[in-house]
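Listed below are the residues making up each chain.
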Amino acid sequence: MDHLSDGLLFLALALPFLGALVAPLSIILLDRLGSVFLALFPIGGLAILFQQSAQVQARVPILFGFDWVPSFGVRFAFRLDGLSFGFAFLILFIGALVVLYSGGYMPRGSKRGRFHAFILLFMGSMLGLVLADDLITLFIFWELTSITSFLLIGFDHEREAARRGAVQALVVTGGGGLALLAGLLMIREGTGLSSLSLLLDAPDAFRTSGIFVPALLLVLLGAFTKSAQMPFHVWLPNAMEAPTPVSAYLHSATMVKAGIYLLMRMFPMVGDSVIWATVLPLFGGVTLVVGAVLALRQSDIKLMLAYTTVASLGLLVMLLGIGSELAIEAAVLYLFAHSLAKACLFMVAGSIDHGAGTRDIRALGGLRLKMPVTFAAAILGAAAMGGLPPLFGFLAKEEVYAATATADLRGVLTTIAAVAGNALMFAVALLVALKPFLGPLPSGMRRAHETSPMIWFGPLLLGVIGLLAAIFSQTTHKFISNPMSPPALDGALAVDIALGFHWGPALILSILTVALGVVLFLRAQRMRSGIAALLARIGWGPDKGFDQALRGLVAIAWHITNRLQPGRLDIYMRVTFGVIVATVWITLVWTRSLPAVPEFPRLFFYEWAIIGIVILGILVVAFSASRLTAIVSLGIQGLAVALLFMLLGAPDLSFTQFMVEILSVSILALVMTRLRLMPADRRPWSKIVPEAGLAAAGGIGFGLLLLAVTQRPFDTKLAEFYETYSYTIAHGRNVVNVILVDFRGVDTWGEIAVVLTTGAAILALVRIRATKPDGRHSRKRRRRSGELHP
């Protein structure tokens, strides 16, 4: 790749972020037309990506990026191949339509600009995620999608439900993101490879590494939380508290597909493992069936679509777990069909809510004449979702059944799950497409009306594209299906399914699905009541479990905080020094550094004299009857250290130590005399003995640690470095001063800041006036301040 192409690809990645930067001002200046202007940013990025489509179709990955943190081997690196191109197309194309839709859907006001900025920030984060090649870069964009989705889900933050949905989504997906980070770091350390490209080129490096099982489970946990697999699915339905454009974009076409993208990307490396082939079909099949059942239980159109999204994600995970060529082909086709259909239907739900004033399926009817364009879009979207010809969803469903219909036990179970899930989703699609529009018009909806073109244009276009993609299937396969399949399957695969009569098990299963879906549609009310009764009898679910887990976490944190932070300084000191002493002793024992017979260094007579002074000072501090005497005696240790520096040939360091010690003792004595404290420490022996034992354990532990360190061979590399470069780099002959001022200049600056902060605190203590136990100033001081008259 040349520099111009790299620059253009970076521009495509940056365009959504640039759009977010100018979004508020664009909406203020251009009002509704601002959405049209902002939609040009993703369209521009899409145009740049299509310029590279020839190389993508040739299955030649395009790598671009630069070193970011070279000392840790981290690159800001990206990879454009068929898989990332397909996801990028959905992100940018549907994103542009959602930006237009938002312009008509969101009410006028100052929040519209902020909302568009959040949508574009999420778009850029999701685009960076699917293009990222470096593992750390992948994680950063992964977490950016969680943060921006939190802002979008909780956009109407005045409502408690919106706040709860946003927090729940952030906790679940953020927790999964931490698991993903741990897995990616284990992969980096275990294989020595830091990018997806390197891992794809050497797939055995991960499979044969010692960290394969734990790293894979952590990566799967991250993918399952992001793509709403049971029992982590609860955040997705609750995220429907977000405005409808958010649901149409994040929770159908993009964010929930991030986990699917990661699984597709990892498939060439781990797709043939037993863990993969066991865990994915199990979780995917359960998510498919349970999600579809819960969808039929709902009466709010957005919630119905949300649970069918959960079910569809389960179907995709199940197909990836099957892992055959047909299964991967079916996953690619179903991914594309589902994104188009579900984004279309979510926009239809918003249009119905905007035009009729409600999304409750039980209160809707007869809108076909009031909202004909929305009705047409709903028919196209529901037909694609139900897998009816001649929509692209029909091709995807045929491939799904061709992949699952095998003679083994796993094939039978996955086929049953696929038929049951698709039939339930088809019934929901019929409810969404027909119930609001057919039948008599309720009396309360006489004022229902068709929405503005900015609202109905997006869903209608997506529905038409779902139709054209099937009619011109070879073109779709050329640009989308075929390029996406090889990276997922790790081999060339020609997708050639087209509209036509394909007699076989797949067609029979499709007919069975439609028949069951129609029956369920006709008995929807009875099914809804039965499912509600079953859920009421069960009583508990993951959503309630999430609330219980959070309450338990808060309760545990409250008890720990009250125990560890009761507001008493003596407890803080005991805990702090206890942890330090325990760390020292654990280190000595764990590393077997504890010398059996400590080899005490040979000392000169004056060094023994200094040790004697130190011991004398310690005894005076310990047995002093007066606090002031103890404070003054405490300075003996520091003065002894200063004297040792002087005898060892460091007079400047000795002088600094003298000054610091004298200043510390003076300030401490000044503060202690100003505070109302007892003259002596009169604690009982029950408190003195444990603290004396802790102090002795600390002194002995540090002494043994220093003896163990000094008995090791001395490494002179650091000393030689300072000696060599102190004058040539820092132009100073005093090595100690150069280390403090130049090499450790930032540390010294931090120490100065600490001293200043401590000085401010000391000044506040010194200015405190002595008070009586009842809090009143002494009469003498109050007279001096003029508060009392003689």
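Thresholds applied
- Residues numbered from 1 in each chain as written.
- Predicted model: local features only at pLDDT ≥ 70, side-chain atom pairs only at ≥ 80, totals over all residues.
- Heavy atoms only, no water.
- Helix = DSSP H or I, 4+ residues; strand = E, 2+ residues; numbered from the N terminus.
- Rg over C-alpha atoms; globule rule 2.2 N^0.38 Å.
- Buried < 20%, exposed > 50% of the residue type's maximum accessible area, 1.4 Å probe, protein only.
- Contact = heavy atoms within 4.5 Å.
- Areas by Shrake-Rupley, 256 points an atom, 1.4 Å probe, with all protein chains shown as cover.
- Lys, Arg positive; Asp, Glu negative; His and termini not counted.
- Charge placed at Lys NZ, Arg CZ, Asp CG, Glu CD.
- 1 Å grid on protein atoms, 1.4 Å probe; cavity = no way out; pocket = protein on both sides within 12 Å on 5 of 7 lines; lining within 4 Å.
- Points joined across faces, edges and corners; volume = space filled by probe spheres on them.
- Nonpolar A, V, L, I, M, F, W, Y, C, P; charged D, E, K, R; others polar.

Chemist: Is there a simple way to think about the overall build of the protein in this case?
Modeler: Each helix and strand in the protein was counted, giving 33 helices and 2 strands. In summary, the protein has a C-alpha radius of gyration of 35 Å against a globular reference of 28 Å for 790 residues, an excess of more than 25%. Among the 790 residues that make up the protein, the fraction classed as buried is 47%. In the protein, 78% of the contacts between residues at least 6 apart in sequence involve partners at least 24 apart. Carbon and sulfur atoms make up 70% of the accessible area of the protein, which totals about 37,800 Å². Charged side chains in the protein number 60 positive and 44 negative. The centres of these two groups are separated by 16 Å.

Chemist: Looking at this structure, I do not really get the side chain of His-477. What am I missing?
Modeler: With respect to the helices, strands and loops of the structure, His-477 is situated in helix 21 (residues 473-489). Apart from residues no more than four positions distant in its own chain, His-477 is found in contact with Leu-333, Phe-392, Asn-482, Pro-483, Val-495, Asp-496 and Ile-497.

Chemist: Just checking my understanding: could you explain the side chain of Ser-102 for this structure?
Modeler: On the secondary structure map, Ser-102 appears in helix 4 (residues 82-105). The residues touching Ser-102, leaving out its near neighbours within four places in the chain, are Ser-35, Phe-115, His-116 and Pro-245.

Chemist: What am I meant to see in the layout of surface pockets here?
Modeler: Summary: where empty space remains is shown by rolling a probe the size of a single water molecule over the atoms. Estimates place the volume of the second largest pocket at around 960 Å³. Breaking the lining of the second largest pocket down by element, the ones donating at least two residues are helix 27 (627-647), helix 28 (651-674), helix 31 (735-743) and helix 32 (745-766). Per element, the largest residue contribution to the lining of the second largest pocket is 14 residues, and it comes from helix 28. Its residues placed into classes, the lining of the second largest pocket shows 19 nonpolar, 8 polar and 4 charged.

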